[in-house]
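Examining the three-dimensional arrangement
If you want the building blocks of each chain, they are given just below.
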Amino acid sequence: MDILNAIVAILNYVIVPATTYGAQLALGALGVTLIYGILRFSNFAQGDTMAFGTAITIMVTWGLQSLGIGFGPLPTALLALPFGIAITCALLLGTDRVVYRYYRTVRAAPVILVMVSVGVMFLMNGITRILIGVDEIKFADGARFLISASEFKSWTGLTEPLAIRSTQAITVIVAGLLVWALFWFLAKTRTGKSMRAYADNEDLALLSGINPDRVVTVTWIIAGALATTAGVLYGLDKSFKAFSYFQLVLPIFAAAVVGGLGNPLGAIAGGFIVAYSEVAVTYAWKKVAGYLFPSWDTDSLLQLLSTDYKFAVSFTILIIVLLFKPTGLFKGKAY
Amino acid sequence: MSTRQPDAAKGGKFRAPLLFAVMAALIVMEGLTTGWDSALVILNMGIISAIMALGLNMQWGYAGLFNSGVVGFTALGGLAPVLISMPPTGGAMSQGGWQILGALLIAVLALVVATKLNHRLHGAARAAGVVAALVIGFVLFRAVFDPAVARVQAINPASQGYLGGLGLPVLLAWPVGAVLAAAAAWAIGKTSLGLRSDYLAIATLGIGEIIVAVLKNEEWLDRGVLNVTGIPRPWPVPYEVDLQADPGFVARMQGWGIDPVTGSTLTVKLIYMGLFGIVLALLLWGAQLALKSPWGRMMRAIRDNETAAAAMGKNVTRRHLQIFMLGAAVMGLAGAMMITLDGQMTPASYNPLRYTFLILVMVVVGGSGNNWGSVLGAVLVWFLWIKAEAWGPEIMNLAISHMSEGPLRQHLFDAAPQMRVIVMGLLLLLVLRFSPRGLLPEK
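The structure presented is a predicted model; accordingly, all values stated were derived computationally and were not measured.

Each value, and the rule that gives it
Residues numbered from 1 in each chain as written. Chains lettered and ligands numbered in written order. Predicted model: local features only at pLDDT ≥ 70, side-chain atom pairs only at ≥ 80, totals over all residues. UniProt positions renumbered as here; feature names shortened; annotations may be inferred. Helix = DSSP H or I, 4+ residues; strand = E, 2+ residues; numbered from the N terminus. Domains from an automatic or database assignment. Contact = placed C-beta atoms within 7 Å. Nonpolar A, V, L, I, M, F, W, Y, C, P; charged D, E, K, R; others polar. Core = buried A, V, L, I, M, F, W, Y, C linked by C-beta atoms within 7 Å. Buried ≥ 20, exposed ≤ 12 C-beta atoms within 10 Å, placed from the backbone.

Quick word on the UniProt feature "transmembrane region" (unreviewed entry) in chain A
Summarizing the sequence annotation, UniProt attributes the feature "transmembrane region" (unreviewed entry) to residues 21-39, 51-71, 77-99, 111-132, 169-187, 215-236 and 305-324 of chain A in the numbering used throughout. Strand forms 0% of residues 169-187 of chain A and helix 100%; the C-alpha atoms that close the span are 27 Å apart.

Some thoughts on unusual backbone geometry
Unusually for a residue other than glycine, N156 of chain B sits at a positive phi of about 45°. Take N156 of chain B: it is sitting in the loop between α5 (123-154) and α6 (173-192).

Describing the domain arrangement of chain B
Residues and elements named next belong to chain B. Entries for chain B in the domain assignment read domain 1 (2-88 + 164-434) and domain 2 (89-163). Using only C-alpha atoms to locate each centre, domain 1 and domain 2 end up separated by 33 Å. Counting residues at the interface gives seven residues for domain 1 and ten residues for domain 2. Looking at side-chain class alone, the side of domain 1 that touches domain 2 contains three nonpolar, one polar and three charged residues.

Quick look at the interface of chain B and chain A
Counting residues at the interface gives 35 residues for chain B and 42 residues for chain A. Elements with a minimum of two residues in the side of chain B that touches chain A: α6, α7 (197-217), α15 (352-366) and α18 (419-434) of chain B. With 13 residues, the top contributor of residues to the side of chain B that touches chain A is α7 of chain B. Among the residues making up the side of chain B that touches chain A, the classes are represented as 20 nonpolar, ten polar and five charged.

What about the nonpolar core?
If you look at the biggest cluster of nonpolar residues, it comprises 212 residues, and the most contacted ones within it are A26 of chain A together with I51 and A181 of chain B. Among all residues touching I51 of chain B, those that are not within four sequence positions of it are V279, L280, L283, V330, L333, A334 and M337 of chain B. In terms of nonpolar packing, the next biggest core, distinct from the first, is built from ten residues, A103, V152, Y162 and L163 of chain B among them.

Below is the structure:
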């Protein structure tokens with residue numbers, strides 16, 4: 001029984017939250033890695049793109065709610081998500097047209113583009129602040145739990161609860177569908193193939209008649225969809241706050257670098273590696289240890305790092321990868 | 001860095017003096033319209049920002065290194081005044097201070113052993129050895145560290161609960177702040193320089209977040225979010241109350257027709273301004289000398305063509321590490337000066353938008369690679385940043401004056417101060433696009 005309790009505790013406090021968080025990070029990192037692979041720069045505005053998309057989605061959600069439109073047991077935000085994606089994509093295509101395109105034509109160094117993306121970050125950050133303010137916003141509605149703690153306890157008779165919030169299930173399902181669609185698109189469609197060709201070798205792709213404008217447009221649209229979805233899922237699961245979205249840039253970059261910048265599969269793996277390490281390192285293991293080793297009495301919480309240092313985990317992973325395997329686990333581009 | 005792009009700005013002989021005159025005129029106008037106190041507040045912080053911008057200009061302007069963790073180096077420099085000038089907490093060292101230092105020594109030893117093992121061993125033994133050294137080191141560290149921290153934080157927690165400082169003059173803290181920041185820069189540069197340029201940007205973003213997180217959470221070190229207040233003033237700066245109690249000072253102020261209270265605050269700010277101005281002048285002088293020296297030429301050569309410079313036998317990574325540490329040291333110095341000016345350490349106030357990316361805007365607007373440009377850009381952008389907070393609502397008020405009362409109007413009005421973030425973004429993008437060499441282009 002104690003072993004079962006320990007397993008349930010690990011599931012409840014580590015596996016379920018980390019899987020959810022990992023799926024959110026993976027979507028964010030996919031956006032970073034695609035932009036890196038095709039447009040060849042690290043997009044510092046990714047966090048604020050997520051924040052902008054989420055802010056729009058929240059506003060549409062409020063609009064729908066005031067009209068009395070709901071989505072049954074599912075959060076209304078999922079209905080609003082397509083609107084959020086559309087507007088975010090429009091904004092991204094607009095910034096590409098007005099800002100980034102010039103630097104592509106003059107073939108500016110990647111570090112200049114990073115700098116430019118900082119300018120875009122400021123803009124988006126400001127727009128988000130003006131649209132929705134700087135406060136914390138919770139916008140999840142619909143059913144709260146897929147499995148609630150008390151139900152689980154009465155079914156199984158265990159002392160440890162296992163709760164799965166509906167937002168956690170939605171995150172994993174939506175992220176899974178989106179990733180499946182993305183990989184299908186990249187592998188099977190003509191546009192997807194031309195995107196991969198462009199990422200591999202720009203000159204060769206141009207020679208074989210691939211239209212670069214089309215590739216870039218599609219990349220921004222995909223990036224906008226990924227960023228908005230990642231942001232909305234994160235906001236549903238936790239809450240929306242512009243500044244915490246800005247801070248998400250660090251774990252997202254860590255995930256993309258760990259997997260190998262420019263490698264989509266790597267971005268997903270990286271997202272889960274970062275999320276699992278972050279949750280495992282900041283979880284207090286005392287309860288689990290109590291089930292497994294009842295005779296072991298300790299005052300310590302058995303928590304490796306306080307949750308205030310969760311970013312230190314992404315950072316440490318990043319440094320380890322840079323030291324030992326700068327191309328990332330899945331062979332990205334390091335130099 | 002942007003020298004390879006088509007240049008728009010052609011500088012005449014009078015360009016720089018003219019722009020500096022504009023800057024001075026703006027400060028004077030602020031003094032005449034809003035008040036001299038406010039003008040001096042802006043100017044003092046502007047000088048500190050100028051020093052931060054000088055540091056970043058060394059990294060970005062001289063060497064093309066993108067540092068997105070200025071906030072961390074500044075914050076680390078700000079720790080120095082706490083460690084150097086605050087009075088030591090009675091009994092803190094004997095209660096747990098030495099033990100904390102011992103724990104930190106254990107952590108460093110574990111890292112050193114892991115590094116040595118990493119060089120000596122091979123294959124599976126290497127991985128096992130490194131991991132074992134780190135795990136054992138971490139467990140030992142926590143076992144020694146945690147109880148000591150608890151004891152230190154239990155000492156008079158309402159006002160102390162931390163180790164305190166050495167009780168030395170605060171001016172000593174300025175170079176110490178520079179050294180602290182340079183040490184952090186060494187660690188981060190060692191790992192991420194020599195790889196592609198974006199990696200340094202990502203790694204510095206991380207170290208910035210982490211340094212701020214440490215300062216917010218390690219109460220034994222700097223009381224965390226409880227803040228350290230009452231940091232002593234540096235040597236020539238008097239306290240306002242002492243000035244007001246000094247009959248000679250009061251008489252002189254009344255002779256000039258100035259209210260002694262206003263006079264005392266202005267005097268204090270003017271002395272700070274002089275102090276900061278001296279530091280800025282020395283730094284500028286040194287930076288200009290360095291830039292014109294063979295070393296400066298080498299740096300620019302490396303920036304403009306790394307491959308060619310490497311082929312000429314220059315060790316690019318080493319030179320990058322050197323200039324990265326140098327720039328970080330200047331940022332640390334500025335951080336220490338800022339905390340000295342504020343008289344308090346408030347870790348929660350370190351916001352990357354303000355302390356990293358705004359400094360970046362200052363350097364780019366002023367002219368990457370030009371030290372005078374950084375100074376000009378810093379004061380101008382800082383002025384704009386402060387004033388835009390006030391101008392935002394006024395402009396918004398004009399824009400929405402025809403709208404009827406309602407939630408939308410109220411919302412727009414409340415959001416108006418945030419306009420300045422957009423202004424900064426636009427400024428950065430416009431300068432990068434149309435005048436990539438900035439106000440004062442590099443020669």
